[in-house]
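So the chains spell out like this:
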Amino acid sequence: MKSKAILNQMTPYKPGKQIEEVKREYGLDKIVKLASNENPFGFSQQVKQQLPELIAQLEKYPDGYAATLREKVASFLNVKEEQLIFGNGSDEVVQIICRAFLEPGANTVMARPTFPQYRHNALIEGAEVREVPVVEGHHDLKEMLQQVDENTRVIWLCTPNNPTGVHISKSVLHDFMEKCPSHVLVVIDEAYYEYMVTEDTFDSIQALQQYENLMVLRTFSKAYGLAGLRVGYGVANRNVIHSLEPAREPFNTSSIAQAAAIIALNDQSFIEETTSENRRNKRDLLAFLDENNLNYYESEANFVLIHLPMSGDEMFEHLLSKGFIVRSGEALGIPNSIRLTIGSKEDMVLLQQAMKQKLEDHVK
Ligand code: PMP
């Protein structure tokens, strides 16, 4: 048997530690997972209440075109229905873009570190990956443009960037779009869009009217709290979607996921309440970090990348023993840091105590 040669050099995606696994290993009753940027407040109660109705007709295939969800999202964003593509999470939309646009001889440009699935899927398609190191957590858009040539098919911009949390400011992104050659598809991944508070943000949906080569990714996994159902989407001009559609599996979003996403989208008060609670808890965390002289990147997302006077692995292990799962910076390509998802107020108080203990032991 012979698989694609590149696969021998690759490893499967390594998710953060799972709750049950940590409970067993450390003999703990309660574990708080702050490793995958999930919504600590769950998901809309309206989805929960209507769930029994959503399980009707499971013997039937879902609507592969997701027509009702499509109509809903199109009117929510004020775009045309044919400008949308849905995926089994935005993960799958990333995969579809790579399947459709990348091949041996083509190249793709992205930041480092950024969301790893861009690189992963591009490599599987045999494309050359050109990674441009972030500067203080920011995309280096000037250098990214320098990397573009006639074989560049896709540029990935993640804003706010995972794992740094830093967003790309409006004027910088606008300037980039003006300079980027039109043969390159620019994918702006806005998985954390709902958490952003800054006014200095590029209106990517509006910009679709101006730029034929732009695509925006959003998801129901983060602020909407539906990570377990797997539904995300891409928005672009009709021609881009037309090129992507043949690379999409026929029934790639489940009927439950489609129905739940519609209800979740209708419950904007859940988004408002939980993102404002998140903002308050983030503000308290940043105050704690300032008091303890810890540096961090300015985050517009629901997580913060914190620089530490020790290895990220060391802090990660300590927090794990106290029942908190975070992401070690070593695993994310930023040594001596951790990435922490903002949790509930009570959990964040306990987490800060655990962090403080480790910091004090370190000084001793
Ligand atoms: N993009 C970014 C930047 C992410 O952080 C994530 C989730 N980790 C995704 C895309 C994929 O999210 P999902 O597949 O759940 O929509």
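Since the model is a prediction, treat every value here as computed from it, not as a measurement. (Residues numbered from 1 in each chain as written. Predicted model: local features only at pLDDT ≥ 70, side-chain atom pairs only at ≥ 80, totals over all residues. Heavy atoms only, no water.)

Considering the packing of aromatic side chains
What counts here: Only Phe, Tyr and Trp rings are paired, with Trp represented by its six-membered ring, and only when their centres lie within 6.5 Å; those with planes under 30 degrees apart are stacked, over 60 edge-to-face, the remainder tilted. Runs of H or I in DSSP of at least four residues are treated as helices and runs of E of at least two as strands, each being numbered from the N terminus. Each residue is assigned to one of three classes by its accessible area relative to the maximum for its type, calculated with a 1.4 Å probe on protein chains only: buried under 20%, partly exposed between the two thresholds, exposed over 50%. Working rule: Lys NZ or Arg CZ, within 6 Å of ring centre, within 35 degrees of ring normal, means a charge sits over the ring.
Within the structure shown, the criterion is met by 7 aromatic pairs. When the ring of Tyr-192 is compared with that of Phe-303, the centres are 5.0 Å apart and the planes differ by 75°; the resulting orientation is edge-to-face. You can see Tyr-192 sitting in the loop between strand S6 (185-189) and helix H8 (204-207) and its partner Phe-303 sitting in strand S9 (residues 303-307), a full 111 residues away along the chain. Each of the two residues, Tyr-192 as well as Phe-303, counts as buried. Between Arg-218 and the ring centre of Tyr-193, over which it is positioned, the NZ or CZ distance is 3.6 Å.

Notes on the side chain of Gln-352
Rules: By definition, residues are in contact when any of their heavy atoms lie within 4.5 Å.
For Gln-352, the location among the structural elements is in helix H14 (residues 345-363). Assessed through its relative accessible area of 14%, Gln-352 is described here as buried. Apart from residues no more than four positions distant in its own chain, Gln-352 is found in contact with Asp-284, Leu-285 and Phe-288.

Things to note about the domain arrangement of the protein chain
Which entries qualify depends on this criterion: Source of the domain bounds: an automatic or database domain assignment. Here the buried area means the combined drop in accessible surface, using a 1.4 Å probe, for two parts upon being joined, counting both sides. For this document, the term salt bridge refers to a Lys or Arg side-chain nitrogen within 4 Å of an Asp or Glu carboxyl oxygen. Think of a polar contact as two N or O atoms within 3.5 Å of one another; within protein, one of them needs to be a possible hydrogen donor and the other a possible acceptor, and neighboring residues in sequence only count if both atoms come from side chains.
When cut into domains, the protein chain gives domain 1 (5-43 + 269-363) and domain 2 (45-266). Averaged C-alpha coordinates put domain 1 and domain 2 at centres separated by 25 Å. Residue-level contacts link 27 residues of domain 1 with 30 residues of domain 2. In this assembly, domain 1 packs against domain 2 so that about 2500 Å² is buried in total across both faces, 65% of it on carbon and sulfur atoms. Three residues stand out in domain 1 for area buried against domain 2, namely Phe-43, Tyr-297 and Glu-300, and they jointly supply 31% of the buried area on that side. Where domain 1 packs against domain 2, one counts 0 salt bridges. If you look at where domain 1 meets domain 2, you find 8 residue pairs in polar contact (both at pLDDT 80 or more). Those elements giving two or more residues to the side of domain 1 that touches domain 2 turn out to be helix H11 (268-291) and S9. Broken down by element, the residue count for the side of domain 1 that touches domain 2 peaks at 6 residues, all from H11.

Quick notes on the packing of helix H3 (residues 67-77) against helix H10 (residues 255-266)
Note the cut-off: Helix axes are fitted to C-alpha atoms over the stretch in contact, other axes to C-alpha atoms as well, and angles between N-to-C directions run from 0 to 180 degrees. Throughout, the term roughly parallel applies to angles under 35 degrees, roughly antiparallel to angles over 145, roughly perpendicular to angles from 65 to 115, and oblique to all others. Rotating anticlockwise by less than a right angle from the far helix to the near helix defines a left-handed crossing, while the corresponding clockwise rotation defines a right-handed one. Under the convention adopted here, Pro, Cys and the residues Ala, Val, Leu, Ile, Met, Phe, Trp and Tyr are nonpolar, Asp, Glu, Lys and Arg are charged, and Gly plus all remaining residues are polar.
The interhelical angle for the contact between H3 and H10, taken along N-to-C directions, is 25°, at an axis separation of 9 Å. With respect to H10, the element H3 is oriented roughly parallel. In this structure, H3 crosses over H10, and the sense of that crossing is left-handed. Packed against H3, whose contacting residues are Thr-68, Leu-69, Lys-72, Val-73 and Phe-76, the element H10 presents Gln-258, Ala-261, Ile-262, Leu-265 and Asn-266 at the interface. Looking at the contact of H3 with H10 residue by residue, the class counts come to 6 nonpolar, 3 polar and 1 charged.

Notes on H11
Basically, it comes down to this: Helices are assigned an expected span. That span is 1.5 Å times one less than the residue count.
Between its first and last C-alpha atoms H11 spans 35 Å; for 24 residues at 1.5 Å apiece the expected length is 34 Å, and the two agree. Those residues of H11 lying buried are Phe-270, Ile-271, Thr-274, Thr-275, Asn-278, Asn-281, Lys-282, Leu-285, Leu-286, Phe-288 and Leu-289. Close packing links the buried residues of H11 with S9, strand S12 (337-341) and H14. With its phi angle positive at about 55°, Asn-293 sits one or two positions after the end of H11.

Things to note about the pattern of salt bridges
Going through the model one piece at a time under the given rule, you end up with 19 salt bridges. Here Glu-245 and Arg-248 are joined by a salt bridge, their closest N and O atoms 2.9 Å apart. A relative accessible area of 13% means that Arg-248 is categorised as buried. The residue Glu-360 makes a salt bridge to Lys-356 at a minimum N-O spacing of 3.9 Å. Here Glu-360 and its partner Lys-356 are both found in helix H14, 4 residues apart, which amounts to about one turn of the helix. Taken together, the shared-partner salt bridges in this structure form one network comprising Glu-128, Arg-130 and Asp-149.

Overview of the sheet that holds S6
To be explicit about the condition: We treat two strands as partners when DSSP finds at least two bridges between them.
Strand order in the open sheet formed by 7 strands is S2-S8-S7-S6-S5-S3-S4, with mixed pairing between adjacent strands. In the strand order of this sheet, the two ends are held by strand S2 (84-87) and strand S4 (128-133), each with one partner. Here the average twist between neighbouring strands, direction ignored, is 20°. As judged from the 6 bridges shared by strand S3 (residues 107-112) and S4, these two strands associate in the parallel manner. Bridged to Asn-107 within S4 is Glu-128. Strand contacts of helix H4 (residues 90-101): S2, strand S5 (152-158), S6, strand S7 (214-219) and strand S8 (232-236), with the helix running at about 155° to S7, the strand carrying the most contacts.

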